[in-house]
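Chain by chain, the residues:
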Amino acid sequence: MAKIRLLFATGIAAWFAIKLYGLGTWTWEQSNQAGILWNLACVTSVAALMGYIHRNEDVFLVRWKNVAKTTVLYSFLLSCSMGLWYYGLVPETIEQRKTEQLELLEAFVNDSEALADIQSTNATLERQSADEIYAQQAANLEVFFSPIFFIGTVLMVWIFTAAALAAVFATVMPKIWNARPE
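None of these values were measured; they are calculated from a predicted model. Per-chain numbering applies: the sequence of each chain, read as written, is numbered from 1 onward. Whole-chain, interface and lining totals are the exception, using all residues; otherwise, since this is a predicted model, local features are given only for residues with pLDDT of at least 70 and side-chain atom pairs are given and counted only at 80 or more. Working from all heavy atoms in the structure, the side-chain values ignore hydrogens and water.

Draft legend 1. View of the overall build of the protein. Numbering goes from the N terminus for both helices and strands, where a helix is a DSSP run of H or I of at least four residues and a strand is a run of E of at least two. Along the protein, the regular secondary structure elements total eight helices and zero strands. Ordered by position from N to C terminus, the α and β elements of the protein give α-α-α-α-α-α-α-α. With the radius of gyration taken over C-alpha atoms, the globule rule is written as 2.2 Å times the number of residues to the power 0.38. Relative to its length of 182 residues, the protein is extended, with a C-alpha radius of gyration of 22 Å against a globular reference of 16 Å. With the principal axes as the frame, the protein shows a C-alpha extent of 70 × 35 × 25 Å. Each residue's exposure class comes from its accessible area (1.4 Å probe, protein chains only) as a fraction of the maximum for that residue type: buried when under 20%, exposed when over 50%, partly exposed otherwise. Here the protein, with 182 residues, has 35% of them falling under the buried criterion. Working rule for contacts: check all heavy atoms of both residues, and any pair within 4.5 Å makes them a contact. In the protein, 76% of the contacts between residues at least 6 apart in sequence involve partners at least 24 apart. If you sum the accessible surface of the protein, you get close to 11000 Å²; carbon and sulfur atoms cover 65% of it. His is not counted here, nor are the chain ends, while Lys and Arg score as positive and Asp and Glu score as negative. To locate a charge, take NZ of a lysine, CZ of an arginine, CG of an aspartate or CD of a glutamate. Across the protein, the 12 positively charged side chains and the 16 negatively charged ones have centroids separated by 26 Å. What sets the accessible areas is the Shrake-Rupley method with a 1.4 Å probe; for residues, cover comes only from the shown protein chains.

Laid out in structure tokens, this is it:
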């Protein structure tokens, strides 16, 4: 159990370190990619370690439940850490990203050719003015960057990923480690 706690603490602390390093040196996309890859590596490591620990359980569903319990817990803690980072410690990063997206939206609706192209392919937008389209899309961005939506989406994605990886490692580990020579 000490290995799991160490892995939890190391994974989350390293994610914070990656995000802190990325603040002044990387773009939003680079920082997100590095964070996502690190988180995926950690969730995979937790699932693999738990799959190894529970490899001797005979029933797959019991093995999967035990592997998933710890892996999903890590994903939950990871998602809480992400919420703390984006909405507690450094809220200006997400606010800056929202502002960038609103500026891109404004530039798009002010480009009459690009707007006409989109309106010609979308019957709903065809009947709306540029101001109506801007207002609707700006409201969508407000929802997308809201804490409840952002953290909820992150939580859903990481928990689903954890459950899927737990199933993979609950299946694979007994076949690798418990194989008997014939």
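Draft legend 2. The arrangement of the pattern of salt bridges in detail. Salt bridge, as applied in this entry: a Lys or Arg side-chain nitrogen positioned within 4 Å of an Asp or Glu carboxyl oxygen. Applying the stated criterion across every chain, the model contains four salt bridges. For Lys98, the salt bridge is made with Glu95, and the minimal N-O distance between the two is 3.4 Å. Taken together, the positions of Lys98 and Glu95, both in helix H4 (residues 91–110) and three residues apart, correspond to about one turn of that helix. Ionic contacts of the salt-bridge type, sharing partners, join the residues Glu29, Arg97 and Glu100 into one network.

Draft legend 3. Focus on the environment of Phe108. Within the secondary structure, Phe108 is located in helix H4. A C-alpha to C-alpha distance of 13 Å links Phe108 and Glu132, two positions 24 residues apart in sequence. Discounting chain neighbours no more than four positions away, the residues touching Phe108 are Ala114, Leu115 and Ile118.

Draft legend 4. Quick peek at the nonpolar core. Each nonpolar core is a collection of buried residues, namely Ala, Val, Leu, Ile, Met, Phe, Trp, Tyr and Cys, held together in the definition by side-chain atoms within 4.5 Å. Membership of the largest hydrophobic core comes to 38 residues, with the highest contact counts inside it found for Val43, Tyr74 and Tyr86. Secondary-structure elements contributing two or more residues to this core are helix H1 (2–25), helix H2 (28–53), helix H3 (60–89), H4, helix H7 (130–144) and helix H8 (147–177). Take this core: its biggest share by element is nine residues, from H8. In this structure, Val43 is in contact with Thr71, Tyr74, Ser75, Leu78, Trp158, Ala162 and Leu165, ignoring residues within four places of it in sequence.

Draft legend 5. Highlighting the packing of aromatic side chains. Between rings of Phe, Tyr and Trp, where Trp is taken as its six-membered ring, a pair exists when centres lie within 6.5 Å; planes separated by under 30 degrees are stacked, by over 60 edge-to-face, and by other angles tilted. Under the defined criterion, the tally for this structure stands at 13 aromatic pairs. Both rings, one in Tyr52 and one in Trp177, keep their centres 5.1 Å apart while their planes meet at 75 degrees; by these two values the pair is edge-to-face. With Tyr52 in helix H2 and Trp177 in helix H8, this residue pair connects regions lying 125 residues apart in the sequence. Exposure remark for Tyr52: the relative accessible area of 32% places this residue in the partly exposed category.

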